[in-house]
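Remarks on the overall topology
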Amino acid sequence: METRHLIILAAVAVVLTGAVIALGVLENRQEVTLKEGSYLLQGFNPEKVYGIYIKQGDESLTFKRLDERFILTGTYDYPVSNDQINRIVKAIADIRCAEKVTSDERNHAALGVMGEKGSLVVRFFNESGQKMTGMVIGRDRPGFPGFYARLEDERQVYLSTDALPPVSTNYVDYIRRDLPPGRKTDYVRISCKNGSGAFALDLREGKPVLEDVPKKQRQNDGAIAEVLKTLQQFPVRNIHRKGDLSALSYPTRLDFQRKDGTVYRVELAEKDGRHFARTAAMIDATGPAKGETGGGGSGQEAHQMARQSVDAFNRDHEPWVYEIDATWARAAQRSQKDLLEQQ
């Protein structure tokens, strides 16, 4: 079986199973008869997608493409991850026909494909704002992995071959979790300063090493592993504009340093039992770790790639304060002595 690629943005591609998709858009699509195993979206070109609308029940979300990013429009105009957008497109574009069910609109309600009245509806729009196509997702068929679906502008209902991956209409699910961004193995050092003191972990050898261990003591590997595991995830609960929380103070600071010399800083605040984080990226004045360039380049090229990463991160994250889980905040409040044990 060949592969087909959905390229939404120049730097992002999603690999889908199936035949190579034909170019074109679906504004003037005419109803066609699909064979078993055919994709419901015929002639769909993801490169033309500039807008996405998702609705289920009382919840709806709208995404619009801005340069190389997609923005969650509305209250926040928040830049979501391109990976999240690709997952939506992949989930819908990968729907294949197991069998034709009915073209009688009187059966739509029983199959859950009435449209916005209770169904999951996903629409794609082109650069000029015209609808390319829309998909109505209905009920699952009991005892079968697939579900009922139809193109929004057609009456014919199909049974899909496979289950639908999750497509959320909750904006919280689109908040970016890439804080700090990239792979865990990209980082060479984590340092933390808080009201209890400070500690730093050297990650260059693959195993975390606590810096500045006093004589007659040693690092507590179990405690360090627990802290590191927590800090390498970022459990976001909500987002707020910085201007709405301007009175917060941020006494705790963590710096995550990468091989390429970039540093991703997370500063923490607490108010009324809730925990908040703001982020920023910068270039370490000392440059990349010895022998490391991170992106595979060297010299000026590596520095340029690092600067581009920093600028993109700050553009996307600087306006926001992230409300985070208390577990992460507690890990950042550890002191040096919490990570030590007697020899």
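Basis of the calculations
Residues numbered from 1 in each chain as written. Predicted model: local features only at pLDDT ≥ 70, side-chain atom pairs only at ≥ 80, totals over all residues. Heavy atoms only, no water. Buried < 20%, exposed > 50% of the residue type's maximum accessible area, 1.4 Å probe, protein only. Helix = DSSP H or I, 4+ residues; strand = E, 2+ residues; numbered from the N terminus. Pairing = 2+ DSSP bridges. Contact = heavy atoms within 4.5 Å. Axes fitted to C-alpha atoms, helices over the stretch in contact; angles between N-to-C directions. pLDDT = per-residue confidence, 0-100. Phe/Tyr/Trp six-rings, centres within 6.5 Å; stacked < 30°, edge-to-face > 60°. Lys NZ or Arg CZ within 6 Å of the ring centre and 35° of its normal. Expected span 1.5 Å × (residues − 1). Arc of directions from axis to C-beta. Core = buried A, V, L, I, M, F, W, Y, C linked by side-chain atoms within 4.5 Å.

1. What about the pairing of strand E11 (residues 157–160)?
- Neither face of E11 is exposed, since Val-157 and Leu-159 on one face and Tyr-158 and Ser-160 on the opposite face are all buried.
- Where strand E7 (residues 97–102) meets E11, four bridges bridge the pair, whose relative direction is antiparallel. Within E11, the position partnered with Cys-97 by the bridge is Ser-160.
- As judged from the two bridges shared by strand E10 (residues 147–151) and E11, these two strands associate in the antiparallel manner. The partner of Ala-149 across the bridge, within E11, is Tyr-158.
- If you look at the hairpin formed by E10 and E11, you'll find five residues sitting between the two strands.

2. Observations concerning the sheet that holds strand E19 (residues 274–283)
- Taken in spatial order, the eight strands of this open sheet run E14-E13-E12-E17-E18-E19-E20-E16, and their pairing is antiparallel. If you trace the sheet from one side to the other, it starts and ends with strand E14 (209–210) and strand E16 (236–241), each paired once.
- Direction of pairing for E16 relative to strand E20 (residues 320–324): antiparallel, over a ladder of five bridges. Bridge pairing links His-240 to Val-321 in E20.
- Here helix H3 (residues 221–231) sits on the sheet and contacts strand E12 (187–194), strand E13 (197–202), E14 and strand E17 (252–258); the angle it forms with E13, its principal contact strand, is near 85°.
- Helix H4 (residues 299–317) rests against strand E18 (262–271), E19 and E20 of the sheet, and its axis sits at about 150° to E19.

3. Things to note about the confidence of the model for the protein
- Residue-level pLDDT values for the protein average 86, and 86% of them are 70 or greater.
- Taken element by element, the predicted model of the protein shows its lowest mean pLDDT in strand E2 (residues 12–17) (34) and its highest in strand E8 (residues 120–125) (98).
- Predicted confidence is poor over residues 1–32, with pLDDT under 50, and the contacts of this stretch with residues over four places away or in other chains come to 96 contacts.

4. Regarding the packing of aromatic side chains
- In total, this model carries eight aromatic pairs according to the counting rule given.
- A centroid spacing of 6.3 Å and a plane angle of 80° characterise the contact between Phe-234 and Tyr-322, whose relative ring orientation is edge-to-face. Taken as a pair, Phe-234 in the loop between H3 and E16 and Tyr-322 in strand E20 lie far apart in primary sequence, 88 residues in all. The same class applies to Phe-234 and to Tyr-322, which are both buried.
- Exposure remark for Phe-234: the relative accessible area of 4% places this residue in the buried category.
- Among the aromatic residues, those joined into a cluster by ring pairs are Tyr-78, Phe-234, Trp-320, Tyr-322 and Trp-328.
- The ring of Tyr-50 has Arg-65 lying over it, and the distance from NZ or CZ to the ring centre is 4.4 Å.

5. As for the sheet that holds strand E9 (residues 131–140)
- Taking strand neighbours across the sheet as the criterion, the nine strands line up as E6-E5-E4-E3-E8-E9-E10-E11-E7 in an open arrangement whose pairing is antiparallel. Edge positions in the sheet fall to strand E6 (78–80) and E7, since each has one partner strand and no second. When strand polarity is set aside, the average angle formed by the axes of neighbouring strands in this sheet is 25°.

6. A look at the environment of Glu-68
- Tracing the chain through its elements places Glu-68 in the loop between strand E4 (59–66) and strand E5 (69–72).
- Considered as a pair, Glu-68 and Asn-82 are 14 residues apart in the sequence and their alpha carbons are 8.7 Å apart.

7. Comments concerning H4
- Here H4 contains 19 residues, and its C-alpha end-to-end distance of 27 Å stays within 8% of the 27 Å for a straight helix at 1.5 Å per residue.
- Of all the residues in H4, the buried ones are Ala-302, Ala-306, Val-310, Phe-313, Asp-316 and His-317. Projected down its long axis, H4 carries its buried residues within an arc of 140°, all on one side.
- If you follow the buried residues of H4, they end up packed against E5, E6, E18, E19 and E20.

8. Observations regarding the nonpolar core
- Within the largest apolar cluster, 68 residues are counted, with the highest numbers of intra-cluster contacts made by Ile-52, Phe-63, Phe-124 and Tyr-322.
- Examining the composition of this core, we find that six residues originate from one element, helix H1 (residues 82–93), more than from any other.
- Formed by eight residues, the second largest nonpolar core is a distinct cluster that contains Ala-98, Leu-111, Val-113 and Leu-159.

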